[in-house]
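Survey of secondary and tertiary structure
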Amino acid sequence: MTKYVYLFSEADQSMRNLLGGKGANLGQMTKLGMPVPQGFTVSTEACTKYYEDGKRINDNIKAQIEDALHATEKIVGKTFGDNENPFLVSVRSGARASMPGMMDTILNLGLNDEAVEGLAKQTNNPRFAYDSYRRFITMFADVVMEIPKSNFEAIFDAKKEEKGIEEDTELEAEDLKEIVEGFKAKFAELNGKPFPQDPKEQLILAVQAVFRSWDNPRANYYRKINNIPYEWGTAVNVQAMVFGNMGDDSGTGVAFTRNPSTGEKEFYGEYLFNAQGEDVVAGIRTPKPISELEKDNPSIYKQFIEISQKLEKHYKDMQDMEFTIEKGKLYMLQTRNGKRTAQAALKIAIDMVDEGLLTEKEALLKVDPKQLDSLLHPQFDPESLKAAKVIATGLNASPGAATGRAVFTAERAAEMAAQGEPVILVRQETSPEDIEGMAVAAGVLTSRGGMTSHAAVVARGMGTCCVAGAGKVKVNEEAKYFEVDGVKYQEGDFISLDGSTGKIYGEQVKTMDATVSGDFATLMEWADKNRALKVRTNADNPRDAKVAYDFGAEGIGLCRTEHMFFEADRIMAMREMIVSKTEEERAKALAKLLPMQREDFVGLYEAMQGYPVTIRYLDPPLHEFLPNEDEEIAELAKEMGLSFEELKGTVEGLEETNPMLGHRGVRLSITYPEIARMQTRAVIEAAIEVNKKGMKVEPEIMIPLVGEVKELKYIKDIVVEVADSIIKEAGVKLNYSVGTMIEIPRAALLADEIAKEAEFFSFGTNDLTQMTFGFSRDDAGKFLADYYDKKVFNNDPFQHVDEKGVGKLMKMAVEGGRETRKDMKMGICGEHGGDPDSVHFCHDINLSYVSCSPFRVPIARLAAAHANIKNPRK
Ligand code: PEP
Ligand code: MG
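This section reports on the structure supplied with the text. Owing to the predicted nature of the structure, the values given are computational and were not obtained by experimental measurement. (Residues numbered from 1 in each chain as written. Chains lettered and ligands numbered in written order. Predicted model: local features only at pLDDT ≥ 70, side-chain atom pairs only at ≥ 80, totals over all residues. Heavy atoms only, no water.)

1. A short note on the packing of helix α3 (residues 59-76) against helix α8 (residues 199-213)
Where α3 meets α8, the closest approach of the two axes is 12 Å, and the angle between their N-to-C directions is 120 degrees. In terms of orientation, α3 lies oblique with respect to α8. For the element pair α3 and α8, the recorded crossing hand is right-handed. Each of Lys62, Ile65, Glu66 and Leu69 in α3 lies in contact with α8, whose residues at this interface are Lys200, Leu203, Ile204 and Val207. Across the contact of α3 with α8, the residue classes tally to 5 nonpolar, no polar and 3 charged. (Axes fitted to C-alpha atoms, helices over the stretch in contact; angles between N-to-C directions. Helix = DSSP H or I, 4+ residues; strand = E, 2+ residues; numbered from the N terminus. Parallel < 35°, antiparallel > 145°, perpendicular 65-115°, else oblique. Left-handed = near helix turned anticlockwise from the far one by under 90°. Contact = heavy atoms within 4.5 Å. Nonpolar A, V, L, I, M, F, W, Y, C, P; charged D, E, K, R; others polar.)

2. Re the site of ligand 1
Surveying the vicinity of ligand 1 reveals 14 residues, the closest of which are Arg560, Arg616, Gly764, Asn766 and Arg777. One nitrogen or oxygen atom from the main chain of Asn766 is found 2.7 Å from an oxygen atom belonging to ligand 1. With respect to ligand 1, the side chain of Arg777 contributes an N or O atom lying 2.7 Å from an oxygen atom. Only β25 (556-560) and α32 (765-773) provide two or more residues apiece to the shell around ligand 1. A total of 3 residues in the shell around ligand 1 trace back to one element, the largest contributor, which is α32. Along the lines of polarity and charge, the residues of the shell around ligand 1 split into 3 nonpolar, 4 polar and 7 charged. (Near = heavy atom within 4 Å. Polar contact = N/O pair within 3.5 Å; in protein donor to acceptor, adjacent residues only side chain to side chain.)

3. Some details on the sheet that holds strand β13 (residues 395-398)
Strand order across the open sheet formed by 8 strands is β12-β22-β21-β14-β15-β16-β17-β13, with mixed pairing between neighbours. One side of each edge strand has no neighbouring strand; the edge strands of this open sheet are β12 (390-393) and β13. Recorded for the sheet is a direction-independent mean angle of 30 degrees between the axes of neighbouring strands. The pairing of strand β14 (residues 401-407) with strand β15 (residues 423-427) spans 3 bridges and is classified as parallel. When the bridges of β15 are listed, Ala406 appears paired with Ile424. (Pairing = 2+ DSSP bridges.)

4. Quick look at the pairing of strand β17 (residues 465-468)
Alternating residues of β17 divide into Cys465 and Val467 and Cys466 and Ala468, and every residue in both groups is buried. Here 3 bridges tie strand β16 (residues 443-446) to β17, and the two strands are oriented parallel to one another. Bridge pairing links Val444 to Cys466 in β17. (Buried < 20%, exposed > 50% of the residue type's maximum accessible area, 1.4 Å probe, protein only.)

5. Here's the deal with the coordination of the magnesium ion (ligand 2)
Distances from the magnesium ion (ligand 2) to its protein donors, Glu743 (OE) and Asp767 (OD), fall at 2.0 to 2.2 Å. Residue Glu743 is located in the loop between β28 (737-742) and α30 (745-749), and its partner Asp767 is located in helix α32; the two are separated by 24 residues in the primary sequence. The pair formed by Glu743 and Asp767 is uniform in burial state, with each residue classed as buried. (Donors = N, O, S within 2.8 Å, 3.2 Å for Na, K, Ca; no water.)

6. Comments concerning α32
Taken as a whole, α32 has its buried residues at Thr765, Asn766, Asp767, Leu768, Thr769 and Gln770. Close packing links the buried residues of α32 with β25, β28, α30, β29 (760-763), α34 (806-820) and β30 (825-828). With its phi angle positive at about 75 degrees, Gly774 sits one or two positions after the end of α32.

7. Things to note about a negative patch on the surface
Judged by side-chain charge, Glu411, Glu478, Glu629, Glu631, Glu632, Glu635 and Glu639 come together as a negatively charged surface patch. For the negative patch, the element with the highest residue contribution is helix α25 (residues 630-640), accounting for 4 residues. Residue placement: Glu478 occurs in the loop between β18 (474-476) and β19 (481-484). Exposure remark for Glu478: the relative accessible area of 78% places this residue in the exposed category. (Patch = residues over 30% accessible without salt bridge, like charges linked within 9 Å, V, L, I, M, F, W, Y side chains within 5 Å. Areas by Shrake-Rupley, 256 points an atom, 1.4 Å probe, with all protein chains shown as cover. Salt bridge = Lys/Arg side-chain N within 4 Å of Asp/Glu carboxyl O. Lys, Arg positive; Asp, Glu negative; His and termini not counted. Charge placed at Lys NZ, Arg CZ, Asp CG, Glu CD.)

8. Section: the nonpolar core
Considering soluble globular proteins, one finds that nonpolar side chains tend to be buried as a cluster. Judged by nonpolar contacts, the single largest core of 131 residues is most densely connected at Phe601 and Tyr605. Residues in contact with Phe601, not counting those within four places in the same chain, are Cys559, Thr561, Met564, Ile615, Gln679, Ala682, Val683 and Ala686. One finds Tyr4, Tyr50, Phe156 and Ala206 within the second-largest nonpolar core, a separate group that totals 69 residues. (Core = buried A, V, L, I, M, F, W, Y, C linked by side-chain atoms within 4.5 Å.)

9. Looking at the pairing of β16
Burial along β16 is two-sided: Gly443 and Leu445 facing one way and Val444 and Thr446 facing the other are all buried. As paired elements, β15 and β16 share 4 bridges and run parallel to each other. Considered in β16, the bridge of Arg427 is made with Thr446.

10. As for the sheet that holds strand β4 (residues 105-109)
As summarised here, the arrangement of the 5 strands in space is β1-β2-β5-β3-β4, forming an open sheet in which the pairing is antiparallel. Here the strands that pair on one side only, and so sit at the sheet edges, are β1 (5-7) and β4. Taken pair by pair, the neighbouring strands of this sheet meet at an average axis angle of 20 degrees, ignoring direction.

Structure (structure tokens):
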């Protein structure tokens, strides 16, 4: 029979998956001989079973809870349901990964109308007894019955006002008794039934409510952003109550072994006398700094310091502890590795190595790669943010904090930015033509589009804050305003975006520059020593490449050359190329593009200082370069000396029902090989030019969207012919390679054949995910939200590699490719290349490198080190 319930004395820290962090640590503290009020943990498997059984706790689990309760009664010497000598418990959630504040807690469970009298008599403290009861009713009503706390707070506050007092502690026993009567009446009124008096019924209902809280919207959201699987479930801890509200020799508090904001090695925390835990956490009363405990009660302070130091040494990590003092005796209620800011995380990791507590490898594992993000972008001033009002929420597409004036076109963004005004570009969705506007904007807001939509990808590449797919934001680009819930925001109005949470504010919120301390560099050095994967960047211009180089990129894994053609001075030549009717005309237009493209590549090679640079040939469908609206077509026709009808005809001729499955990638080069010829010339001539200056560039030419080896061979032959003739003519030696992206499932299936022509592979997991699932990468965001709500998916396959399906194709391709070419270089350049979980996967399947946007390079470096420490590569 499955064991679902464990006494603390049966548990230890190794049982985290089964008992959650809190349960496992309570067991461990018990083992370490620390003063822990005893109790038991109902396992995470019981939670899963609860959901499997249609949200009910089955009789077997109920019986195991009862047995554990009896065993605990023996330990504490009290009987549950004994009204003379009441045995009260707390019921608290505790998942495998800590999710602070996401789920629920109930204290003082076991009280009823009789037990409260017993407690009053036994402790000779009716004030304490009724204070405990009123707290219990509030928490039980809130957590179990989902009756909002505000109903009870109103009654409580009314009493305080009636008595003309400020502090809760000034209420007397009689007042609290009256308050309890009021609470019970309110409970019965709102619940339709009186407050349950049977402690066992209270307990089962509470356990059930904690299981249910695993599925509350807060918890679901937290799990989604932290990539915590829904299947894990939460455990429930039932623990004998100790009371911090028994008078002035009692109290409760929270403390950290180091400062969680700065990482300083100082004891940090707060406590309150004559209070219960939620008073501290909920900020109802203003607590005292923990240092004052030393004056108030030196011996307890000393004991607490000793315990906390022992815990920090034991867990080799900064601890976040909850404690209670009951009538002058200290109890430990919880310990866990403390949450901390990124800066604190770095400082603590490095200090602990200096102190000899951690090895470098262990220290690296203590810093969450995702956290580094906050060190790389500007941040909101926490105080101003707290005061600001959220008007809508979208996808947290590119992190950072942006505040600026709303503008609705790229041109306007550029104009205002040139005047020194911070701007936020607000669009229905962005198109490549918006790129310049995006580059000058502090942030980008779109009402449509997913995490790999154009806006999201480009913004991340630039390190520009972006909130995408905010459906509530109705944009009217023509009339230059957007509307949320009937409120209009005009051009020039200040708004703010939090790219890390997706929140949108209708006002100016103060920002602070990101700071990168010396600790950051030290940790990165350690990461580099410990990783097997190389880390490159996706960059299309020297500016981004330079940022990435400074962040430690070891090459460019993807240069999307089309982005180079969208700039104002180039798009015309590109358009001429597209509307050309003859090869001659096309060649003329391409000849205009050649020097610009060559110059781009020189810039990229130079920014990368000899590291490899992978250049991908033109990929998007050509219609993206032409306008769609008649007015714009007419204007362009005039500029190009064409008739409106003629240009309109070209635009319509390029229209496709499914452009993402259409005339793009290698298919363009097959139709127009002269584009590949021009690009090859630019790549090779630029390399020769910089190598003359002493660099040693070996360009990597990458052909996109290949699904069949003959497609690749057709283009490769052209590339090689052009490249070799230029090299020969120049009389130099230049190594270059030609490879392909693996982004079509067929390419993964036939990787062994494709590797006969391809000298390297790079996984384009944006398209590979799109085509493996059949989900449009631009539109899936809309309905994937329903998938998360209905638990069909835990998270977005466009953000984390779907290891089961897409990953299986990747593994096949790695094996197939290396069957043909033993040491074949393989990388990833889809958005997943900067996602820590996906970086782990790439390490595990033996890729050579990951490539990600510049601002994610440090994250990928650390994630690669984590992966190699956990699963060392031979
Ligand atoms: C990809 O498909 O993963 C990729 C990197 O190419 P793009 O996003 O430009 O289609
Ligand atoms: Mg692609």
